[in-house]
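Chain and residue survey
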Amino acid sequence: MAGKISMGARREVLSAMMERYRSAKRAEKGRILDELCATTGWHRKHAVRALRQRAPVSPGSVAALRERKRRYGATIKDAMTAPWEASDRVCGKGLKVMIPTLLPALEQHGRLQLGQADRDRVLVISAATIDRLLVDAKIAASGGRRRRAGYYSAIRREVPIRTFNDWNSPPPGFCEVDMVAHGGTSVAGSFIQTLTMVDVATGWTECVPLVMREGSLVVEAINRAQSLFPWLLRGVDFDNDSAFMNDVVVPWCREQKLEVTRSRAYKKNDQAFVEQKNGAVVRRLMGYGRFDGVETARVMGRLYAAARLYVNFFQPSFKLKEKRREGAKVIKRYHLPSTPYERALAHPKVTAAVKKRLRDQYRSLDLVALLAEIRATQDELGNRVDRRAGQARGLQPARTNTAPATAATFAKTLGKTVTVGEPRATHRRTHRPSKTRVRMPSKLDPHIAARTHAFGILAQSEFNLVGNPLYGVALKRPSPSLARARLLESLIRHHGLHFLSSALRPPHVSAAHDRDVMRTVRAKRARAAGTSPAARADGRSAGGFRNGVLRCASRLSWRISR
């Protein structure tokens, strides 16, 4: 009956029992307290305080609370604002430590003038009292808006935290629950969500599509998944999403006798089991496109109905066996890959009736038929991803394969369509016309044109390069830059530097620049006069004629080494 009567009815019950309680003996008082607590739902200590009130409370009145004598008056409250501002508005705990330093400084500058009694109270004030006295000042400083803790935050604080290391090999029935958003590249608007539930002990995975994020839909999805699991659910572990931490999902789970826990905020490793299945199952089946609408949710339900049997009975997965740290290195050991069905048969906590039902179901399944159903449903979803079915945004429709009529027909295509492309239509990308890149003009364009013109001169020259010993040396070298340097050297020797510089000169290079280059070449020739012909032909002399030509050619803005 507790919690079902109004406050007025509680006052009437209290008034009826108060006189009887005062005149009763000790044993009778205990029975009256038990009766009052059972009727009103009050705590026993609160019931004792209510019955010991001096004046009886009438049904239509409210008892006046006795106010505690205030120790810190308006003077102290006003005096705390200046130190708070002087401390750059720190919290109460920080201000408590700074008061012995701030108070003499403010008194010295004439901001505070406190009596000895008030000064002593300010020095011994507690951090909680400081925060309580500064409430009005903080509200005024924030523009009259007070930040209140959200309702869902209170529910979140009531749910205990469970980390990854707190599982300790639980029996089948304890699940991690998470949401996968199918919003594509944008989370604007409404789109489909997938509720993923993974059994920690066996890895059994169930996926249910949701049209939108709403607490009542989450309850229906968990109830649907509970009917699909081979065993009863014992507990659910959520993240801190408001779709789970609300006044609909958490009370419903507790009514179903489910142990409710949550992970730490921003610690995805606390839900490592379901996070792994989000990628290995949901994203592998659905991809990363955007899906919305009730009809699309129905198609996704058909896909998950076939995929749950394929994944849980035929697809093996790894499970962590141990993890240890050696210095900065973390060493992990895994069990042999096995399916959730095999782990359920090997688990001692699973009953014999459940194991027999799983064996019978396993013998009735066809792996190829399940895969054919998955591919056919993915082809249908491929036309719906990113609203491609209605051509709403002018995109090219997805390329879909014709669904095979039977599993035998589908089996004949396995292994023969590898080169065709991605078999999952949900992972295919739409064909978009490629954009023609317009080349922007560059400051190097004159130099590139001069270089091309120089190569044309070298190719059309009537000079017999084959008989030239320098050309023979260049042919022995694998580097093309050295061969170009040899050819340029021969051309300069027989035709003159003025001819070549005029041909290679860019439009912005003047004739005076050519004269400087020729003067530099003559100096190089003079310094190279003492060099032997063999060394000069081989090109190993640092001050040789070839190096001088290379430096002069670089001054002509033509990179001969490229």
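All chains use their own residue numbering, which begins from 1 and follows the written sequence. Local features in this predicted model are restricted to residues whose pLDDT is 70 or higher, and side-chain atom pairs enter the listing and the counts only when it is 80 or higher, whereas totals over whole chains, interfaces and linings include all residues. Hydrogen atoms and water are omitted, and side-chain values are computed over all heavy atoms in the structure.

**Some thoughts on the confidence of the model for the protein chain**
The predictor rates its confidence in each residue with pLDDT, a number between 0 and 100. Per-residue pLDDT for the protein chain has a mean of 78; in total, 70% of the residues score no lower than 70. pLDDT under 50 marks residues 534-546. Its contacts with residues more than four places away, or in other chains, come to 30 contacts. Here, residues are in contact when the closest pair of their heavy atoms is within 4.5 Å.

**Observations concerning the packing of aromatic side chains**
Remark: the centre distance and the inter-plane angle together describe each pair of aromatic rings, the angle taken between the planes. Planes of paired rings set the category: under 30 degrees apart is stacked, over 60 is edge-to-face and the rest tilted, where pairs are Phe, Tyr or Trp rings (Trp by its six-membered ring) whose centres lie within 6.5 Å. Under the definition given, this model contains nine aromatic pairs. With 5.3 Å between their ring centres and 35 degrees between their planes, Phe-313 and Tyr-341 make a pair best called tilted. Of this pair, Phe-313 sits in helix α13 (residues 294-314) while Tyr-341 sits in helix α14 (residues 340-346), and the two are 28 residues apart along the sequence. Here the two residues Phe-313 and Tyr-341 agree in accessibility, since each one is buried. One aromatic cluster is present, built from ring pairs that chain together Trp-204, Trp-231, Phe-313, Phe-314, Tyr-341 and Tyr-362. Going along the chain from the N terminus, every DSSP run of H or I of four or more residues is numbered as a helix, and every run of E of two or more is numbered as a strand. Three labels apply to residues, based on accessible area from a 1.4 Å probe with only protein chains included: buried if under 20% of the type maximum, exposed if over 50%, partly exposed otherwise in between.

**Concerning the pattern of salt bridges**
By convention in these notes, a salt bridge is any Lys or Arg side-chain nitrogen within 4 Å of a carboxyl oxygen on Asp or Glu. Scanning all chains against the criterion turns up 21 salt bridges. As a salt-bridge pair, Glu-107 and Arg-119 come within 3.0 Å of each other at their nearest N and O atoms. Residue Glu-107 is found in helix α5 (residues 92-108), and its partner Arg-119 is found in helix α6 (residues 116-124); the two are separated by 12 residues along the sequence. Overall, the relative accessible area of 23% leaves Glu-107 in the partly exposed class. The closest approach of N and O atoms between Arg-298 and Glu-295, which form a salt bridge, is 2.6 Å. With a gap of three residues between them, Arg-298 and Glu-295 both fall in helix α13, about one helical turn apart.

**With respect to the pairing of strand β4 (residues 235-238)**
Side chains of β4 alternate between two faces, with Gly-235 and Asp-237 and Val-236 and Phe-238 buried alike. Alignment of strand β1 (residues 174-181) against β4, held across three bridges, turns out to be parallel. Bridge pairing in β4 places Cys-175 opposite Val-236. The sheet contact formed by β4 and strand β5 (residues 259-262) spans four bridges and is parallel. Residue pairing in the sheet places Val-236 in a bridge with Val-260 of β5. Handedness of a crossover is defined as follows: orient the strands so they point away from the viewer, and if the path from the first strand over the helix to the second runs clockwise, the crossover is right-handed. With helix α11 (residues 249-255) bridging β4 and the parallel β5, this β-α-β connection has right-handed handedness. Note on pairing: DSSP must find at least two bridges between two strands before they are called paired.

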